[in-house]
Amino acid sequence: MKTNDIAIIYSSSLGGHVAEAAGYIAKELDADIFDLKKQSKINMSSYGRIIIGTGIHAGRPFGNVASFVKDNKAVLETKKTSLFICCLYKGSRGDAQCERVSRDLGIPDASYFPDSGERDENGVKKELASFVQRMRS
Ligand SMILES: Cc1cc2nc3c(=O)[nH]c(=O)nc-3n(C[C@H](O)[C@H](O)[C@H](O)COP(=O)(O)O)c2cc1C
């Protein structure tokens with residue numbers, strides 16, 4: 001995949017977990033990165049892969065992420081689109097929440113990174129490291 005074929009589009013709240021994960025993914029994949037708190041109109045025409053990142057409040061993805069996905073549904077359907085979620089829940093509760101949010105947003109390829117997730121020898125959350133690996137292939 002050529003450089004800058006990937007865009008990370010995310011929103012983070014007070015904890016900054018999503019911003020941190022988005023920054024890590026962008027650095028590892030040499031991707032462009034867009035913060036929905038700063039801009040909500042993004043020209044995605046030059047990208048083949050779009051990675052959407054959100055946290056969860058009361059079972060729902062952040063509002064600006066849900067709006068962006070809804071407003072850009074037609075374009076996102078023409079891309080390889082993936083979702084990552086930063087959240088508290090893990091295990092079967094995390095799986096169920098991830099599946100529901102993925103379905104609600106209409107992005108089947110979804111992963112989640114629990115705030116208290118186990119970290120690898122580089123200090124990177126295991127789920128995040130394997131997500132990046134998968135996005136490379
Ligand atoms: C008010 C509030 C509600 C939350 N509700 C949920 C929830 O329903 N499920 C969950 O797994 N995590 C929940 N969380 C945890 C956040 O989704 C998680 O900390 C995430 O990493 C936040 O992203 P951020 O640090 O970028 O803001 C909640 C956090 C807050 C502050």
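Our structure is the block above this text.
Residues numbered from 1 in each chain as written. Predicted model: local features only at pLDDT ≥ 70, side-chain atom pairs only at ≥ 80, totals over all residues. Heavy atoms only, no water.

Helix and strand content of the chain: 5 helices and 6 strands. Going residue by residue from the N terminus, the α and β elements of the chain occur as β-α-β-β-β-α-α-β-α-β-α. On C-alpha atoms alone, the chain measures out to a radius of gyration of 14 Å, which is about the 14 Å that the 2.2 N^0.38 rule sets for 137 residues. For the chain, the share of sequence-separated contacts (at least 6 apart) that also reach a separation of at least 24 residues comes to 71%. Approximately 7,400 Å² of the chain is accessible, and the part contributed by carbon and sulfur atoms is 49%. Counting 20 positive and 17 negative side-chain charges, the chain places the centres of these two groups 4 Å from one another. (Helix = DSSP H or I, 4+ residues; strand = E, 2+ residues; numbered from the N terminus. Rg over C-alpha atoms; globule rule 2.2 N^0.38 Å. Contact = heavy atoms within 4.5 Å. Areas by Shrake-Rupley, 256 points an atom, 1.4 Å probe, with all protein chains shown as cover. Lys, Arg positive; Asp, Glu negative; His and termini not counted. Charge placed at Lys NZ, Arg CZ, Asp CG, Glu CD.)

Before going further, it helps to examine the site of the ligand. Surrounding the ligand, one finds 18 residues, the nearest of these being Ser12, His17, Ile56, Gly59 and Asp115. Within the backbone of Gly15, one N or O atom sits 3.5 Å away from an oxygen atom of the ligand. A distance of 2.9 Å separates an oxygen atom of the ligand from a polar atom in the backbone of Tyr89. Calculation on the ligand without its partners gives an accessible area of 630 Å², and the protein chains cover 75% of this total. Among the cavities detected, the one that contains the ligand is the largest pocket. Residue assignment for the shell around the ligand shows that the elements contributing at least two residues are helix H1 (17-29), strand E3 (49-57) and strand E5 (80-87). Looking at side-chain class alone, the shell around the ligand contains 9 nonpolar, 8 polar and 1 charged residues. (Near = heavy atom within 4 Å. Polar contact = N/O pair within 3.5 Å; in protein donor to acceptor, adjacent residues only side chain to side chain. 1 Å grid on protein atoms, 1.4 Å probe; cavity = no way out; pocket = protein on both sides within 12 Å on 5 of 7 lines; lining within 4 Å. Sits in = over half its atoms within 2 Å of the grid points. Nonpolar A, V, L, I, M, F, W, Y, C, P; charged D, E, K, R; others polar.)

Along the chain, Glu28 turns up in helix H1. Distance from Glu28 to Ala129, taken between C-alpha atoms, is 9.6 Å for residues 101 residues apart in sequence. Within the structure, Glu28 has its side chain in polar contact with the side chain of Arg136 (distance 3.0 Å).

Let's shift gears to the environment of Gly16. Within the element layout of this structure, Gly16 appears in the loop between strand E1 (6-10) and H1. Separated by 11 residues in sequence, Gly16 and Asp5 place their C-alpha atoms 25 Å apart.

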